[in-house]
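Residue-level structural notes
Letter by letter, the chains look like this.
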Amino acid sequence: MKKWYLILMSMILVFTLSACKDAKDKVLEDGKVDKAEASDKKKDKKKEETFTSVYPLTGIGTNDEVDHRAVAVMVNNHWKARPQSGLHKADIVYEVLAEGELTRFLAIFQSEMPETVGPVRSSRDYYIELSQGYNALYVAHGYSPEAKEMLYSGAIDHLNGMDYDGSLFKRADFRKAPHNSYITSENILRGMDKVGADQTDDLDMLPFLTKSSSVNIEGEVAKEVTVDYGRGETVGFTYSEKKKTYARSSNNEPTIDRETETPISVSNVFIVEAAHRVIDDAGRREINLTSGGDAILIQKGVAQKISWKNENGRIVPDGGAFIPGKTWINIVPSGMENSVKMQ
């Protein structure tokens with residue numbers, strides 16, 4: 001009796017373990033099916049994803065409103081002003097010589113705004129002209145004689161630190177003037193109300209390639225790009241195969257956001273050649289931004305030697321287009337072949 005009892009218990013145990021295994025296998029099998037189905041659904045959702053709008057200066061789709069007015073801010077690029085604040089949020093950055101071999105940035109924000117921008121620096125007439133191409137609110141602190149005349153003749157809606165120093169524009173205690181003027185996005189909006197500037201706008205779209213046409217871009221290899229402005233001031237762009245973007249640097253130091261330490265990276269690097277002429281003892285320049293000329297459009301690790309043109313106040317590729325994303329435009333003096341190196 002005892003023997004039969006043991007045999008019966010053994011049979012029950014084997015049956016129970018087998019049933020549990022089958023159940024476990026079924027759960028695992030079902031789990032795999034569920035994961036696969038979830039993955040397929042995710043792919044289908046991604047494939048079917050559509051957007052109601054496209055940001056006009058980046059070509060990136062969104063379901064948010066895209067009618068924000070562009071804001072163009074003069075940002076200091078003196079070595080004492082680095083790292084700067086807010087550049088990582090700019091849709092477009094123009095880098096142009098101001099005095100000597102130092103460049104200055106015109107950062108154009110439309111799809112997003114940083115909390116703080118700066119250091120804010122003084123204006124020049126050609127930066128104002130570039131801003132006009134986007135009907136932007138122009139933000140600067142100071143001006144050249146030519147720029148002052150343009151600003152106060154009503155050429156463009158603007159906020160200037162000479163009028164609002166200590167109110168809309170704040171001085172940082174960690175830097176010395178003229179490298180310590182900053183403005184917040186909140187104060188930019190306050191300033192727009194103060195000067196009666198529209199906060200919305202219907203901006204024209206920049207020229208962008210479609211997804212299919214940007215797959216196989218042909219040109220020279222351009223994984224490392226250097227722009228030499230002279231006297232040790234070099235700008236670098238390093239391509240990331242993974243991100244498909246270029247990280248910017250100044251004199252081999254990565255360009256990052258001061259507050260967040262976010263690296264500045266862009267999808268398009270557009271280097272354009274324009275005639276420069278020094279017009280006064282301070283080293284200020286006159287730059288021809290209307291005639292067009294030679295250019296290099298750098299995207300996805302390759303460079304195309306094309307031309308640029310001024311289209312309604314904007315510097316755009318003539319015979320090419322941008323890929324969706326952020327854009328950095330370097331304007332260099334004539335003789336571009338001597339100042340730009342790629343490998």
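In this text the structure is predicted, and so the values were computed from the model without any measurement.

**So, the packing of aromatic side chains**
Taken as a whole and judged by the stated rule, the model has 9 aromatic pairs. With a centroid separation of 4.8 Å and 40 degrees between ring planes, the pair formed by Tyr-126 and Tyr-127 is classed as tilted. Comparing Tyr-126 with Tyr-127, the two get one shared label, buried. Judged by centre distance (5.8 Å) and plane angle (85 degrees), the rings of Phe-270 and Phe-322 are edge-to-face. With Phe-270 in strand β17 (residues 268-274) and Phe-322 in the loop between β22 (314-318) and β23 (327-333), the pair connects residues that are 52 residues apart, well separated along the chain. Phe-270 sits in the buried class, given a relative accessible area of 0%. Through a chain of ring-to-ring contacts, three or more aromatic side chains come together here, namely Phe-105, Phe-237 and Trp-328. Directly above the ring of Phe-174 sits Arg-258, whose terminal nitrogen or CZ lies 3.7 Å from the centroid.

**Notes on the pattern of salt bridges**
Counted under the stated rule, the structure contains 16 salt bridges. With its nearest N and O atoms 3.4 Å apart, the salt bridge here joins Glu-311 to Lys-309. Since its relative accessible area comes to 29%, Lys-309 is described here as partly exposed. By sharing partners, the salt bridges in this structure join Lys-89, Asp-91, Glu-112 and Lys-326 into a single network.

**Focus on the nonpolar core**
Side chains of a nonpolar character, in soluble globular proteins, are inclined to be buried together. Counting residues in hydrophobic clusters, the biggest one holds 41 residues, and the most contacted among them are Ile-183, Tyr-246, Ile-271 and Ile-298. Not counting residues up to four positions away in its chain, the partners in contact with Ile-271 are Val-225, Val-227, Asp-294, Ala-295, Ile-296, Ile-298, Asn-330, Val-332, Met-336 and Val-340. Ranked by size, the runner-up nonpolar core spans 38 residues in total, among them Ala-147, Ile-287, Ile-306 and Ile-331.

**So, the pairing of strand β4 (residues 92-97)**
Among the 6 residues that make up β4, 6 are buried, leaving the element largely enclosed by the rest of the structure. The alternating pattern of β4 places Ile-92, Tyr-94 and Val-96 on one face and Val-93, Glu-95 and Leu-97 on the opposite face, and all of these are buried. Note that β4 and strand β5 (residues 103-109) share 6 bridges and pair antiparallel. Pairing of Val-96 across the sheet is with Arg-104, part of β5.

**Structural notes on the pairing of β5**
The element β5 is largely enclosed, with a buried count of 7 among its 7 residues. Burial of β5 is two-sided: the residues Thr-103, Phe-105, Ala-107 and Phe-109 facing one way and the residues Arg-104, Leu-106 and Ile-108 facing the other way are all buried. By the bridge criterion, 5 bridges tie strand β3 (residues 71-75) to β5 in an arrangement that is antiparallel. By the bridge assignment, Val-73 is partnered in β5 with Ala-107.

Rules of the game
Residues numbered from 1 in each chain as written. Predicted model: local features only at pLDDT ≥ 70, side-chain atom pairs only at ≥ 80, totals over all residues. Heavy atoms only, no water. Phe/Tyr/Trp six-rings, centres within 6.5 Å; stacked < 30°, edge-to-face > 60°. Buried < 20%, exposed > 50% of the residue type's maximum accessible area, 1.4 Å probe, protein only. Helix = DSSP H or I, 4+ residues; strand = E, 2+ residues; numbered from the N terminus. Lys NZ or Arg CZ within 6 Å of the ring centre and 35° of its normal. Salt bridge = Lys/Arg side-chain N within 4 Å of Asp/Glu carboxyl O. Core = buried A, V, L, I, M, F, W, Y, C linked by side-chain atoms within 4.5 Å. Contact = heavy atoms within 4.5 Å. Pairing = 2+ DSSP bridges.

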